[in-house]
Amino acid sequence: DEEKLTVYSGPPGSYFGYSVDFYIPDPSTVSVLVGAPKANTTQPDIVEGGAVYYCAWPAARCRQIPFDNTNNRKIKVNGTREPIEFKTNQWFGATVKAHKEKVVACAPLYHWRTLKDSPEKDPVGTCYVAIQNFSAYAEYSPCRNSNADPEGQGFCQAGFSLDFYKNGDLIVGGPGSFYWQGQVITASIADIIANYSFKDILRKLAREKQTGVAPPSYDDNYMGYSVAAGEFTGDSEQELVAGVPRGAQNFGYVSIINSSDLTFIQNFTGEQMASYFGYTVAVSDVNSDGLDDILVGAPLFMEREFESKPKEVGQVYLYLQESAFLFQDAQILTGTEVFGRFGSAITHLGDLNQDGYNDIAIGAPFAGEDRRGKVLIYNGYSNGLNPNPSQVLNGAWASQSMPSGFGFTLRGDSDVDKNDYPDLIVGAFGAGKAVVYRARPVVTVNAHLILNPMIVNPDNKTCQLPSSQLLVACFTVRVCADFEGQSISDGIVLKGELQLDSLKQKGAVKRTLFFDYHQSHHYFPIVIERQKQLHCQDFLVYLRDETEFRDKLSPININFNYSLDVSSFEDSLTVKPILNYYQKSSLAEQAYILVDCGEDNLCIPDLHLSAMPDTDQLIIGEENCVMLIINPRNDGEGAYEAELHIKIPPEADYTGVERNNKALRVLSCDYKMENETRMVVCDLGNPMVAGAN
C-alpha cells in the first residue's frame, strides 16, 4: 500500500535508515529497528559514534537503544591514561539484524590501539548483542586480538555484513582481514553473553569459527562483503553464503560454505569484470519447491549493447536449487536506469500475494526522477521470478546535497499489522528516513458472463418495452461473481460495467440496448456478502427494430469489466484490499442474430448475375436510351446486406428504374457520385433470401 505509510525520521545527517530490520521478540509484537551510523549519542567525548533506534509501530516515534553508553576504554602508558579504542566515527549501526528477542548491531569502522608499544589504530570492527528485550548487552569483536596489521585481522572491519542462522547463531563478515582477502566468522549468541566482562578486551570464544588465511593470490577479494544463510546440501544443517565481489580477477563470486567446518562447497562466478557481483546476497525459495534458492546482486553491471556507450544498470542473478549441490543456470533481471544501482539490496519478502510462491524486493537506490530511488517487487512462480515487476515503489525525497538512497537497504517477511500479509521496510539513509510499507490483502474474483439465448430470433418478439406497446426480441445477460482472499473478513463490493455491441465503433448504431435504460452502456455495483458465495445479476437486453440497422451477420459483442470498490473499506488504519494483479478483470461473450441459414447459423450464399442491354448499337447524334435488364439470383443460403452496384460511364446520364413486367420485384436504387465515379446502388434485400431471382 503506497498511501498509508509509516515514515520514521532520524536526526539530520545521521544516515538514519542505512540499515533496518523487524524486531519480533514474541509473536504478538512487531516493531522496527533502524541503524543511523553517523548519529551522535550520549557517549562522552565520542563524535558521531552511530546508533540503533527502536521504533514502535504504528507510532512514528523512535528512541536510541543504549547498546553502549561508555567512553573509549583507556590504559596507563608511562603514567598517562591513553585510549585503547576509538569509537568516534565508528559507524555503529551500519548493520543491524534481529532474531526473535536477540539483536546484533555492528560498528565496522571501530578502531583499536593494538598491543604494540607504539600506538597504531586498526579498524577491527566490533558488534554489540542485546537480549531479553534490551535488558542485557555484550560486546563481540572477533578480530580484536594479537593478530594485528593488514596481514592479520587488523583491517577486518568485522560486522560489515551480518546474518543469523535459523537456529540463532551469528554470521559476521570481515572483508578486510588478511590483506583484504576477507573472512567469515560464526559464533553462538549464548557464548557471547555467557561470562561476558566489559574489561575482557581480548576475549576468544571457544566455539567460534573463522575462515583462515589463503594464498596471496586471494588478496583484495573482500570475502564477507555480504553474507546470508540457507540450506543447499540436502541435510538439516544450514550453510552460509558469502559474497566475494572482487574475487575471480574482479569478476566477483559467491561461495556456499559448510557451517560446521567452514570449508568451501561451491562457487557462483560473475559474468563481467567490476560488476561487483556478490555486493549483496539473499536466500529465498521463490519457486516453492521446498529448496532454498540464491539471489546475487551486481549493481555495477554494464549493459554493452553499443561498445562505445556502455550503460551501468545493475543486474540480479537468481540461482534455483534443483537438488542438493545442483543449481539451474541463473535467471537474470536487469536494471533499466543508468547509475540506478539496481541490485544494491535484495530481500526475501515472503508470500506477498498469497499465491503459494515467495516474492522478492530489489532496490535501485539512485534510480528515478531526481535520483529519488526505487524498489521493484518481483513475484515468484513455478519457474522462478516473473521477469516484470508487479509493482514499483518510488522514493518521495529528491536528491539534495546527496541522494536519498531510497531502497539502499530493505527488509521483508514480517507482518507488522497482523493481516497475514508480509510487510516491507525501506531505508533512505540520505534523507534520514525509514519507511514501512504494508501489504494489501489480495482479492481473487471468479467471474462469469452468460448469455441466454446466444442466438436471438428477431421475429420472436416476446418482450413488451416499458411505457410503450412495442414488442421486441430480447435476451438475458447474466453476470455472476464470487471471491476469495486471505484476511478479508466481510464481503466486498465490485464496480461492474457492461457494454453492449462493443465492437461497433463510436457513432455506429448499437443493435442492442438495455431493456430498462435504453442505453448500450451500464454501470452497477456487485455486492458479494461473503467468500465463495456466488452472486448473480440478470439484465434484460433487447434487439432494435430491423429498420434501424443493416448488420445482421457480425456477432454482438458483450463486454463485462469489474474493479474493486475500495470506498466500501473506510478504516483509517487498515490497508485496503486489491484485486489479484495476475487476473484479467474483463470478460467478453458474443450473441448472434438468427439468420435463415440452417443449423450452423452460418450463411453461405451462391450469387449469380446476368445483364443484357436492349440494343446492341448506339447512333451518334440520336437520343440513345439504353435499358439494362439485370438478373441477380441467389442459389445458396440467405445473402445479407446484398447490393447491386452499376457504374455509369461519363458519357451517360442515369434516368431511373423501370418495371415492365409485373412479375419482377421493384428495386430501391440510389444514384451516388463519389469523386469522378458515378454509380447506382440497388438494395437486393437483407437478406436476399435463398432462391431469390
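Residues numbered from 1 in each chain as written. Predicted model: local features only at pLDDT ≥ 70, side-chain atom pairs only at ≥ 80, totals over all residues. Heavy atoms only, no water.

- In the annotation of an unreviewed UniProt entry, the entry for the protein reads ITA8 protein, and the organism field reads Aleadryas rufinucha.
- We quote the UniProt Sequence similarities (unreviewed entry) comment for the protein here in full: "Belongs to the integrin alpha chain family."
- Here is the UniProt Subcellular location (unreviewed entry) comment for the protein, exactly as written: "Membrane". (UniProt positions renumbered as here; feature names shortened; annotations may be inferred.)

**Some points on the overall build of the protein**
Next, step 1: Check the secondary structure of the protein and you find three helices and 55 strands.
Next, step 2: Computed over C-alpha atoms, the radius of gyration of the protein comes to 38 Å, more than 25% over the 26 Å expected from 2.2 N^0.38 for 693 residues, which places it beyond the range of a compact globule.
Next, step 3: By principal-axis analysis of the C-alpha atoms, the protein measures approximately 140 × 60 × 50 Å.
Next, step 4: In the protein, which comprises 693 residues, the proportion classed as buried is 49%.
Next, step 5: When contacts within the protein are restricted to residue pairs at least 6 apart in sequence, those whose partners lie at least 24 apart make up 60%.
Next, step 6: Counting every atom, the protein has about 33,300 Å² of accessible surface; 50% of that belongs to carbon and sulfur. (Helix = DSSP H or I, 4+ residues; strand = E, 2+ residues; numbered from the N terminus. Rg over C-alpha atoms; globule rule 2.2 N^0.38 Å. Buried < 20%, exposed > 50% of the residue type's maximum accessible area, 1.4 Å probe, protein only. Contact = heavy atoms within 4.5 Å. Areas by Shrake-Rupley, 256 points an atom, 1.4 Å probe, with all protein chains shown as cover.)

**What to know about the pairing of strand β6 (residues 74-77)**
Next, step 1: Across four bridges, β6 lies against strand β7 (residues 80-83) in antiparallel orientation. Considered in β7, the bridge of Lys76 is made with Arg81.
Next, step 2: Here β6 folds back onto β7, and the loop between the two strands holds two residues, one of which, Asn78, carries a positive phi near 50°. (Pairing = 2+ DSSP bridges.)

**Focus: the state of the cysteines**
Next, step 1: Taken as a whole and assessed by the stated rule, the structure comprises six disulfides.
Next, step 2: Here Cys669 engages in a disulfide with Cys682; their sulfurs sit 2.0 Å apart. Negative torsions about the S-S bond denote left-handed disulfides, and the value of about 110° found for Cys669 with Cys682 makes this one right-handed. Of the two residues, Cys669 sits in strand β54 (residues 668-674) while Cys682 sits in strand β55 (residues 677-685), which places them 13 residues apart along the sequence.
Next, step 3: The buried category is assigned to Cys682, whose relative accessible area is 2%. (Disulfide = S-S within 2.5 Å.)

**Some points on the pattern of salt bridges**
When their charged atoms lie close together, side chains carrying opposite charge are able to pair.
Next, step 1: Applying the stated rule across the entire model yields 26 salt bridges.
Next, step 2: Residues Lys552 and Glu546 are paired through a salt bridge, measuring 2.7 Å at the closest nitrogen-oxygen approach.
Next, step 3: A relative accessible area of 33% means that Glu546 is categorised as partly exposed.
Next, step 4: We note a salt bridge from Asp635 to Arg633, for which the minimum N-O separation is 3.4 Å.
Next, step 5: Judged by relative accessible area, Arg633 falls into the partly exposed class, the value being 32%.
Next, step 6: Overlapping salt bridges, with partners in common, bring together Asp68, Arg73, Glu85, Lys87, Glu139 and Arg144 in one network. (Salt bridge = Lys/Arg side-chain N within 4 Å of Asp/Glu carboxyl O.)

**What to know about the sheet that holds strand β5 (residues 62-64)**
Next, step 1: Read across the sheet, four strands follow the order β2-β3-β4-β5 without closing on themselves; strand pairing throughout is antiparallel. Edge positions in the open sheet fall to β2 (19-26) and β5, since each of these has one partner strand only. On average, each strand axis in the sheet is inclined to that of its neighbour by 30°, with strand direction left out of account. (Axes fitted to C-alpha atoms, helices over the stretch in contact; angles between N-to-C directions.)

**Comments concerning a nonpolar patch on the surface**
Next, step 1: Nonpolar side chains collect at one region of the surface, where Met454, Ile455, Tyr592 and Leu594 lie side by side and expose about 320 Å² of accessible area between them.
Next, step 2: Judged by relative accessible area, which is 30%, Tyr592 ranks as partly exposed. (Patch = residues over 30% accessible without salt bridge, like charges linked within 9 Å, V, L, I, M, F, W, Y side chains within 5 Å.)

**Things to note about the side chain of Gln90**
Next, step 1: Of note, Gln90 is situated in the loop between β8 (85-86) and β9 (95-99).
Next, step 2: The exposure class of Gln90 is buried, given its relative accessible area of 3%.

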